[in-house]
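# Topology and contacts: notes
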Amino acid sequence: MAVRREKLRDLIDLGIDPFGEKFERTHTAQEILDRFDELEGQDTVIAGRIMSLRTHGKATFADLMDSTGRIQLYLRVNTLGEELYELLQKVDIGDILGIKGTIFRTRRGEISVEVLDMKFLSKSLRPLPSKWHGLKDVDLRYRQRYVDLIVNPGVREVFETRSKIIQSLRKFLTERGFIEVETPMLHVIAGGAAARPFTTHHNALDMDLYLRIAPELYLKRLLVGGFDKVFELGKMFRNEGISTKHNPEFTMCELYMAYGDANDMMNLTEEVYAYIAQEVLGTTKITFQGQEIDLTPPWPRVPMLDAIKEHSGVDLTGLSAEEARKAAKEKGLAIEPNATYGQVLDEFFDVFVEPKLIQPVFITDHPVEVSPLAKRKKGNPNLTDRFEPFIVTWEVANGFTELNDPIDQEYRFRQQMAQREAGDDEAHMMDEDYIRALEYGMPPAGGLGLGIDRMVMLFTDSPSIRDVLLFPHMRPRS
C-alpha cells in the first residue's frame, strides 16, 4: 500500500489525475470477442480494471476486465512512445484504466487490443488478493463483497441470475393481470406474519414504529378498495436468528387475487417456478447440491396430517390438545406444557416430515391456531385452507384462501393476543383498522408469499442465503 501511494504522488507530480473523469467507451470486452470478425483492425475505446501485467522487454501484456469479461491488452514502446510506456511503471494490478487502441489477433491467436493511448480512471490503493490464492475466506468474502465480485467471477453470475429471476417474476405476474403496488415499510402494528419485528422511533410523531414483517394486511386492504390482482416485491424485516436459510432482512413477493382461493395459488406457485426456471435456466429440471429437482407441474398436494402419519407413524387426526401433547411426549418431542393442538402438529411436522421433502410438494390443511389469517377448511373448522410448498426440505412459499370474515378475524386476533400475553412474542397483534376494512367487505381471495432469496438459492445451486445476498448482515469485527 505504501508503494501504491508513492505511485499516486508521482502521478500527481506529473500532472496526471489518478482518479480520472467521465470516459466514453465504444465497446465492451465481450463485444470485441464476440464480434472480432467484423471489428478486426478497427479502433476501439474500452475501460476496465487491470487484472494482470506481464512485461517482456519493451512490450507488455495485460488483462483488462470490465463488467462483461476480460480481454488482453498489448502495449509496446514503439506504439506508445517512451514517455507513455514509462508510465506503465505507475500502473498496478487493480487500477482502472481507459484504453484507446486497435483490435487485432496475436501470433498465438489471442484476440487483443493494441494500446495507442491510456488514461488513469482510478488508482487502486489496496492490492487485490493473490491470483493463486484468491479470496477464499468465506467470512471475508461476505464482508468485502466488492472484492469478492472482482476476483471470483462466478459470484457475479449468481447476482446476474438473481436479477433475471426478479425480472422474470414481474413479467409472469404482469402478463396475468397483476399490478405492482407499494405499501408502507414502517408499520404502527407488526402484522401479516408470526415474527418478532424490529422497532424504530419516529421523532416528529414521537412514536415507536415497526419495520414491516409482511405487507399482507395492507395489500388486502387494496382488495377491499377494489383492486382485483395486486403484488408487491420488496424487503421484509424479522428480528430473528441468522442461518444458512435466514437473514433478518430478506426479499419476498406477496400477491393477492380477488375471487380466487388456495387452489388457484397452488396452481400459480408451480406455474411461476416452472416459468422462471425455463426463462432463466432453459429447463424445469435443475440440480441442487447434486440432487436433481423436477419443477414440472403438477406438484403433489398432501394434507399435513397425512404427511405426519406417513413419516412419524402417529395419527393426530381428531385428537384433543392434551392427547396431542401426550403423543408428542411419547415420540420424544419437546413440547410446551400449554402447547395448542396446532403447535403440536407444527412440531411433529418440523421434526418428522420437513427433512424428507426433497422434490416439490404442497403441504396443505394447516391447523387454525398457527394460521390466523387463513379461512377455515370446509368440513373441519380446526384446519385452514392453507398450503406451504417445500423443495429440498425448504419452505419456499406460503399461501391460503384469505379469511374475509371480520368477526372470525377479530376472534383469531384475540386468540393471538392471548398467546402474546402468555409469552409468545411472535403471535399477531390486534389490528383494529384491518378489521374495520374487512367490515366494509373484502371479496373471497387467494394470497401467496414467495421467498425470493430461497428461489435464487435453488436456481443458482447456492447452499447458503448469504451467497445470494450482495451484502448479508454480519456482526462487526472488533
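See the structure printed just above.
A few points on the structure. (Residues numbered from 1 in each chain as written. Predicted model: local features only at pLDDT ≥ 70, side-chain atom pairs only at ≥ 80, totals over all residues. Heavy atoms only, no water.)

## Regarding the overall build of the protein chain
What the protein chain contains, in helices and strands, is 16 helices and 21 strands. Expected size for 478 residues packed as a compact globule is a radius of gyration near 23 Å; at 29 Å, the protein chain overshoots this value by more than 25%. In terms of principal-axis extent, the alpha carbons of the protein chain reach across some 90 × 55 × 45 Å. Restricting to contacts in the protein chain with at least 6 residues of sequence separation, those with at least 24 account for 64%. When the accessible surface of the protein chain is summed, it comes to about 23,500 Å², and 49% of that surface belongs to carbon and sulfur atoms. (Helix = DSSP H or I, 4+ residues; strand = E, 2+ residues; numbered from the N terminus. Rg over C-alpha atoms; globule rule 2.2 N^0.38 Å. Contact = heavy atoms within 4.5 Å. Areas by Shrake-Rupley, 256 points an atom, 1.4 Å probe, with all protein chains shown as cover.)

## Some details on the side chain of Glu-270
One can find Glu-270 in helix H10 (residues 262–281). On the basis of relative accessible area, Glu-270 is assigned to the buried category, the value being 6%. A distance of 2.8 Å separates a polar atom in the side chain of Glu-270 from the backbone nitrogen of Trp-299. Setting aside chain neighbours within four positions, we find Glu-270 in contact with Leu-295, Pro-297, Pro-298, Trp-299, Arg-301 and Phe-362. (Buried < 20%, exposed > 50% of the residue type's maximum accessible area, 1.4 Å probe, protein only. Polar contact = N/O pair within 3.5 Å; in protein donor to acceptor, adjacent residues only side chain to side chain.)

## Some words on the environment of Leu-255
By the secondary structure assignment, Leu-255 is in strand E11 (residues 249–258). The buried category is assigned to Leu-255, whose relative accessible area is 0%. Discounting residues that sit within four places of it in the chain, Leu-255 has contacts with Leu-173, Phe-178, Val-230, Phe-231, Met-265, Leu-268, Gly-446, Gly-447 and Leu-448.

## Thoughts on the pairing of strand E3 (residues 69–76)
The sheet contact formed by strand E2 (residues 59–66) and E3 spans 8 bridges and is antiparallel. Opposite Phe-61, over in E3, you have Tyr-74 as the bridge partner. Following E2, the chain reverses through 2 residues before pairing antiparallel with E3. Relative to strand E5 (residues 111–122), E3 runs parallel, the two being bridged by 3 bridges. By the bridge assignment, Tyr-74 is partnered in E5 with Glu-114. (Pairing = 2+ DSSP bridges.)

## Describing the sheet that holds E3
Strand pairing within a sheet occurs via backbone hydrogen bonds; the two strands may be parallel or antiparallel. One closed barrel accounts for 5 strands, arranged E1-E2-E3-E5-E4; its pairing is mixed. Taken pair by pair, the neighbouring strands of this sheet meet at an average axis angle of 55°, ignoring direction. (Axes fitted to C-alpha atoms, helices over the stretch in contact; angles between N-to-C directions.)

## Brief notes about the packing of aromatic side chains
Applying the stated criterion across every chain yields a total of 11 aromatic pairs. Grouping aromatic residues by their ring pairs yields a cluster made of Tyr-273, Trp-299, Phe-362, Phe-387 and Phe-459. Positioned above the aromatic ring of Tyr-275, the side-chain terminus of Arg-176 is 5.7 Å from the ring centre. The side chain of Arg-221 reaches across the aromatic face of Tyr-218, ending 4.9 Å from its centre. (Phe/Tyr/Trp six-rings, centres within 6.5 Å; stacked < 30°, edge-to-face > 60°. Lys NZ or Arg CZ within 6 Å of the ring centre and 35° of its normal.)

## Considering the pairing of E2
Of all 8 residues in E2, 7 are buried; the element is thus mostly enclosed. Strand direction decides the pairing type here: strand E1 (residues 43–56) and E2, joined by 7 bridges, are antiparallel. For His-56, the partnering residue across the bridge sits in E2 and is Ala-59. From the end of E1 to the start of E2, which pair antiparallel, there are 2 residues, and Gly-57 there has a positive phi angle of about 65°.

## Observations regarding the pattern of salt bridges
Under the definition given, this model contains 32 salt bridges. Of the charged contacts in the structure, one is a salt bridge between Lys-22 and Glu-24, with a shortest N-O distance of 3.1 Å. You can call Lys-22 exposed: its relative accessible area is 71%. According to the relative accessible area criterion, Glu-24 is exposed, its value standing at 54%. Between Asp-433 and Arg-436 there is a salt bridge, with its nearest N and O atoms 2.7 Å apart. (Salt bridge = Lys/Arg side-chain N within 4 Å of Asp/Glu carboxyl O.)

## Here we look at the environment of Leu-268
Relative to the elements of secondary structure, Leu-268 occurs in helix H10. Taking the C-alpha atoms as reference, Leu-268 lies 9.0 Å from Leu-448; in sequence the two are 180 residues apart. Discounting residues that sit within four places of it in the chain, Leu-268 has contacts with Phe-172, Phe-178, Leu-255 and Leu-448.

## What about the environment of Ala-397?
Within the secondary structure, Ala-397 is located in strand E20 (residues 397–401). Exposure remark for Ala-397: the relative accessible area of 3% places this residue in the buried category. Along the sequence, Ala-397 and Gly-449 sit 52 residues apart, while their C-alpha atoms lie 5.4 Å from each other. If we ignore the near neighbours within four places in the chain, the residues touching Ala-397 are Glu-388, Pro-389, Leu-448, Gly-449 and Leu-450.

## Here's the deal with the sheet that holds strand E9 (residues 207–211)
Taking strand neighbours across the sheet as the criterion, the 3 strands line up as E7-E9-E8 in an open arrangement whose pairing is antiparallel. Either end of the sheet is taken by a strand with one partner, and the two such strands are strand E7 (186–187) and strand E8 (199–202).

## Some words on the packing of H10 against helix H16 (residues 452–460)
Remark: H10 packs on H16, axes separated minimally by 12 Å, with the N-to-C direction vectors making an angle of 50°. By the angle between their directions, the pair H10 and H16 is classed as oblique. With respect to the hand of their crossing, H10 and H16 are arranged in right-handed fashion. Between H10 and H16, the contacting residues are Tyr-273, Ile-276, Ala-277 and Leu-281 on the first element and Met-455, Leu-458 and Phe-459 on the second. (Parallel < 35°, antiparallel > 145°, perpendicular 65-115°, else oblique. Left-handed = near helix turned anticlockwise from the far one by under 90°.)

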